[in-house]
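So you can see what is in the structure, the chains are spelled out below.
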Amino acid sequence: MRGKSPGKLLGKGAELPGTIAVLREARLLGGDLRDGLRGAGPVAARRVRRLLGADAVLLAGLDGPVARHGTLPAGSDPQALVAEVFEHGAALRRPPLCAAPLIVADDLAGCLVAAGDLGEEELSEVARLVAERLDHAELRTARTRIAAADLRTLRAQISPHFLHNALAVIAAHIRTDPGRARGLLTDFADYLRYSFSTKGDYATVAAELQATQTYLELQRARFDDRLEITVRMAPEILPVALPFLVVQPIVENAVRHGLERKAGRGHISVSGFGEGPLCVIEIEDDGVGMEPDLARAVLAGTGPPAKGVGLANVDQRLRAVYGPEHGLLIETAPDSGTKVIIRVPRFMRGVVSQ
């Protein structure tokens, strides 16, 4: 509100335009530290200085200073104070400086040093804020590494059974229908090119859909056209980015464990639509289905080794990227087919296709 007298910042005697400004600085600090303490620069140090109302601030990692803002008092020895904080693991005051440890995931990660008329309580509180932001940064990095590792695992698990059958089908058509054999061979090459692409960790829904249709065309030929395919995708979600190789492994699971063991014709549908801020993709088959308890075990990674490896992998990667609330949802019952539902944010920072 205009005309209101400014409030106090966390540091003694430092003026602030109000609580909103403090919250804004605290929020923006997360962006400054998104690459961790080693990636922190003068902007992060300046923001911490503002929060404290300090004369100067120094951020130090375990191997030395990483960022500074302001001029430290002449004759002060910040590095000696940092070493002392590392030794004792507690906040210390050695006028004209005071310092507090940065504890991330119960481990010492660095030190915050400040100059000015500050209390240890104020300094420790801001040090905890910095440590929380660093913890979030480490969590994002860990999620990215988990997703990348799981993607490598999935690529290593691409079914030799499917590869053998696809080549056998192509070979069988060479004499009887050379034109279709050429088309299937092109589909097979496209399938391999996409599955082993190294362009990035994310792809658009459109790219995932194209890879899935290529896979299904190869399977339709193997099933002697007994496989019916329905694809319905709302245009507005086609540009949405999502983790690479999410849709196709679910479709492969539907074919292998739902339709291969079913007599007669089989049907699989892939549909997608927007649901507010979410992108929803559903893969449904009319195959043999499974017990709901077995479906839960498959997602938890405790099911039979031969069942649903792709499902567990996709579920883990979705949770690693978007959080635990965005795992796969499976609706199934014996002899009633299976529906697998993906719900992910249509827009999320850092999730960008290349």
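All of these numbers come straight from a predicted model, not from anything done at the bench. (Residues numbered from 1 in each chain as written. Predicted model: local features only at pLDDT ≥ 70, side-chain atom pairs only at ≥ 80, totals over all residues. Heavy atoms only, no water.)

Chemist: Account for the pattern of salt bridges, naming residues and giving values.
Modeler: Enumeration over the complete set of coordinates arrives at eleven salt bridges. Close ionic contact of R220 with E217 constitutes a salt bridge, the shortest N to O distance being 2.7 Å. One end of the pair is R220 and the other is E217, both in helix α7 (residues 205–222) and three residues apart, which spans about a single turn. Looking at R220, the relative accessible area reads 23%, which means it is partly exposed. Given the relative accessible area of 31%, E217 is considered partly exposed. As a salt-bridge pair, D286 and K262 come within 3.1 Å of each other at their nearest N and O atoms. Taken together, the residues D286 in the loop between β12 (278–285) and α9 (292–300) and K262 in the loop between α8 (247–259) and β11 (266–275) connect sequence positions 24 residues apart. D286 gets classed as partly exposed once you look at its relative accessible area, which sits at 33%. (Salt bridge = Lys/Arg side-chain N within 4 Å of Asp/Glu carboxyl O. Helix = DSSP H or I, 4+ residues; strand = E, 2+ residues; numbered from the N terminus. Buried < 20%, exposed > 50% of the residue type's maximum accessible area, 1.4 Å probe, protein only.)

Chemist: An account of the sheet that holds strand β9 (residues 227–233) is needed here, citing residue identities and associated values.
Modeler: Sheets are built from strands that pair by backbone hydrogen bonding, the pairs being arranged parallel or antiparallel. Spatially, the five strands line up as an open sheet ordered β9-β11-β12-β14-β13, and their pairing is mixed. Of all strands in the sheet, those bounded by a partner on one side alone are β9 and β13 (329–332). In this sheet, adjacent strand axes meet at a mean angle of 10° when their direction is disregarded. Two strands pair when backbone bridges link them, and β12 and strand β14 (residues 338–345) are joined in this way by eight bridges, in the antiparallel orientation. Within β14, the residue paired with I281 across the bridge is I342. (Pairing = 2+ DSSP bridges. Axes fitted to C-alpha atoms, helices over the stretch in contact; angles between N-to-C directions.)

Chemist: How would you sum up unusual backbone geometry? Please name residues and give values.
Modeler: Cis geometry marks the peptide bond from P95 to P96; its omega dihedral reads 10°. Note on placement: P96 falls in the loop between β5 (92–94) and β6 (97–104).

Chemist: Kindly report on the sheet that holds strand β3 (residues 56–61), identifying the contributing residues and their values.
Modeler: Spatially, the five strands line up as an open sheet ordered β4-β3-β7-β6-β5, and their pairing is antiparallel. The sheet is open, and its two edges are formed by β4 (64–69) and β5, each paired on a single side. Geometrically, the sheet is characterised by an average inter-axis angle of 20° between neighbouring strands, direction not taken into account. The pairing of β6 with strand β7 (residues 107–115) spans eight bridges and is classified as antiparallel. The residue of β7 that forms the bridge with L102 is G110. Each of β3, β4 and β7 touches helix α2 (residues 42–52); the most contacted strand, β4, lies at about 65° to it. The strands touched by helix α3 (residues 78–88) within the sheet are β3, β4, β5, β6 and β7, with β7 carrying the most contacts at an inclination of about 140°. (Contact = heavy atoms within 4.5 Å.)

Chemist: Please provide a residue-by-residue account of α8, values included.
Modeler: Quick reminder: α-helices carry 3.6 residues per turn. Residues three or four places apart thus point the same way. With 13 residues, α8 extends 17 Å from end C-alpha to end C-alpha; this agrees with the ideal 18 Å at 1.5 Å per step. Counting buried residues in α8 gives twelve out of 13 residues, a clear majority hidden from the surface. Taken together, the buried positions of α8 are occupied by V247, Q248, P249, I250, V251, E252, N253, A254, V255, H257, G258 and L259. (Expected span 1.5 Å × (residues − 1).)

Chemist: So, empty space enclosed by the protein: which residues are in play, and what are the values?
Modeler: Counted by the stated rule, this structure contains three cavities of 30 Å³ or more. Here the largest cavity defines a volume of roughly 90 Å³. Forming the boundary of the largest cavity are 13 residues, of which N253, A254, D285, M290 and T338 lie nearest the centre. Elements that contribute at least two residues to the lining of the largest cavity include exactly α8, β12 and β14. (1 Å grid on protein atoms, 1.4 Å probe; cavity = no way out; pocket = protein on both sides within 12 Å on 5 of 7 lines; lining within 4 Å. Points joined across faces, edges and corners; volume = space filled by probe spheres on them.)

The values reported here are purely geometric and, on their own, carry no functional implication.
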